[in-house]
Amino acid sequence: DHLDLPGQRYKTLKKKGKRPKWVWRTIKDVALPYWLEVAANCGAGDYLFSKGLVPGPSAIRPDQITKRWYRLVKKPLGITADFYSLKHLNTSEVVDQLSAEDAAKLNAQTTTAMVVKIYDVKKEDRQHERLKKINNKF
């Protein structure tokens with residue numbers, strides 16, 4: 001019910017700040033085929049991820065994705081990345097290609113403060129490159 005595939009967005013309840021707030025989040029072109037695949041098996045009122053990580057009438061616990069990532073991907077394949085490190089990298093790449101403002105919007109943040117302070121892991125490298133290229137006389 002909170003999915004707008006033609007508009008490439010979904011609605012989620014953001015539980016930060018003083019009051020919970022419903023916000024629309026963007027579905028990037030690169031991820032759209034996966035959303036279409038999951039949504040094709042979804043009935044009216046279903047959650048995208050229910051028991052067995054397939055659409056169904058009841059929601060899974062939020063920690064289920066992290067547990068499955070660890071058990072099925074991270075540990076057997078020796079991957080060190082977790083979801084937050086992937087979010088940090090994605091945010092940095094959005095800043096590289098667009099702006100901190102766009103990265104904040106993609107992360108459903110109202111300002112760039114968290115992007116600049118926490119999520120943009122490539123900020124110092126980007127700044128270093130700019131400083132190296134200054135063309136002043138000393």
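Computed from a predicted structure; not experimentally measured.

## What to know about a nonpolar patch on the surface
So, point 1. A grouping of Ile65, Phe83 and Leu86 is seen on the molecular surface, where their side chains present a nonpolar patch of about 220 Å² in accessible area.
So, point 2. One can find Phe83 in helix 3 (residues 83–97).
So, point 3. Exposure remark for Phe83: the relative accessible area of 34% places this residue in the partly exposed category.

## Section: the side chain of Ser92
So, point 1. Its location among the elements puts Ser92 in helix 3.
So, point 2. Classification of Ser92 as buried rests on a relative accessible area of 0%.
So, point 3. Beyond its immediate chain neighbours, meaning those up to four positions away, Ser92 contacts Tyr119, Asp120, Val121, Lys122 and Arg126.

## Concerning the sheet that holds strand 2 (residues 9–14)
One key point about sheets: their strands pair by backbone hydrogen bonds, in either a parallel or an antiparallel sense.
So, point 1. Strand order in the open sheet formed by three strands is 1-2-3, with antiparallel pairing between adjacent strands. The sheet is open, and its two edges are formed by strand 1 (3–4) and strand 3 (21–26), each paired on a single side.
So, point 2. Here strand 1 pairs with strand 2 via two bridges, running antiparallel. Note on strand 2: the bridge partner recorded for Leu3 is Tyr10.

## What to know about the packing of aromatic side chains
So, point 1. Using the criterion set out here, one finds two aromatic pairs in the structure.
So, point 2. With a centroid separation of 4.8 Å and 25° between ring planes, the pair formed by Tyr10 and Trp35 is classed as stacked. Residue Tyr10 is found in strand 2, and its partner Trp35 is found in helix 1 (residues 32–39); the two are separated by 25 residues along the sequence.
So, point 3. Owing to a relative accessible area of 22%, Trp35 belongs among the partly exposed residues under this scheme.
So, point 4. Relative to Phe83, the ring of Trp69 has its centre 5.2 Å away and its plane inclined at 45°; by these criteria the two rings are tilted. Here Phe83 lies in helix 3 and Trp69 lies in helix 2 (residues 63–77), a separation of 14 residues in the sequence.
So, point 5. A cation over a ring is seen here: Arg9 above Trp24, with NZ or CZ 3.8 Å from the ring centre.

## Notes on the pairing of strand 2
So, point 1. The turn linking strand 1 back onto strand 2 is made up of four residues, and Gln8 within it adopts a positive phi angle of 50°.
So, point 2. Where strand 2 and strand 3 come together, six bridges link them in antiparallel fashion. Within strand 3, the residue paired with Tyr10 across the bridge is Arg25.

Quick notes on the rules
Per chain, residues are indexed from 1 in the order of the written sequence. Residue-level local features of this predicted model are given only where pLDDT is at least 70; pairs of side-chain atoms are given and counted only at 80 or more, and the full residue set underlies all totals for whole chains, interfaces and linings. Only hydrogens and water are set aside when side-chain values are computed; all heavy atoms of the structure are taken into account. Within the patch definition used here, like charges are joined within 9 Å and nonpolar side chains (Val, Leu, Ile, Met, Phe, Trp, Tyr) within 5 Å, considering only residues with over 30% relative accessible area and no salt bridge. In short, Shrake-Rupley with a 1.4 Å probe defines the accessible areas, and a residue's cover is counted only from the protein chains shown. We define a salt bridge as a side-chain nitrogen of Lys or Arg found within 4 Å of a carboxyl oxygen belonging to Asp or Glu. Runs of E in the DSSP output that reach at least two residues are strands. Runs of H or I that reach at least four are helices, and both are numbered from the N terminus. Burial classification: accessible surface area is computed with a 1.4 Å probe over protein chains only, and a residue below 20% of its type maximum counts as buried, one above 50% as exposed, and the rest as partly exposed. It only takes one pair of heavy atoms within 4.5 Å for two residues to be counted as in contact. One requirement defines pairing of two strands: DSSP has to find at least two bridges between them. Any Phe, Tyr or Trp ring, taking Trp's six-membered ring, that has another such ring centre within 6.5 Å forms a pair; planes under 30 degrees apart are called stacked, those over 60 apart edge-to-face, and the others tilted. Throughout this description, the term charge over a ring refers to an Arg CZ or Lys NZ atom that lies within 6 Å of the ring centre and within 35 degrees of the ring normal.

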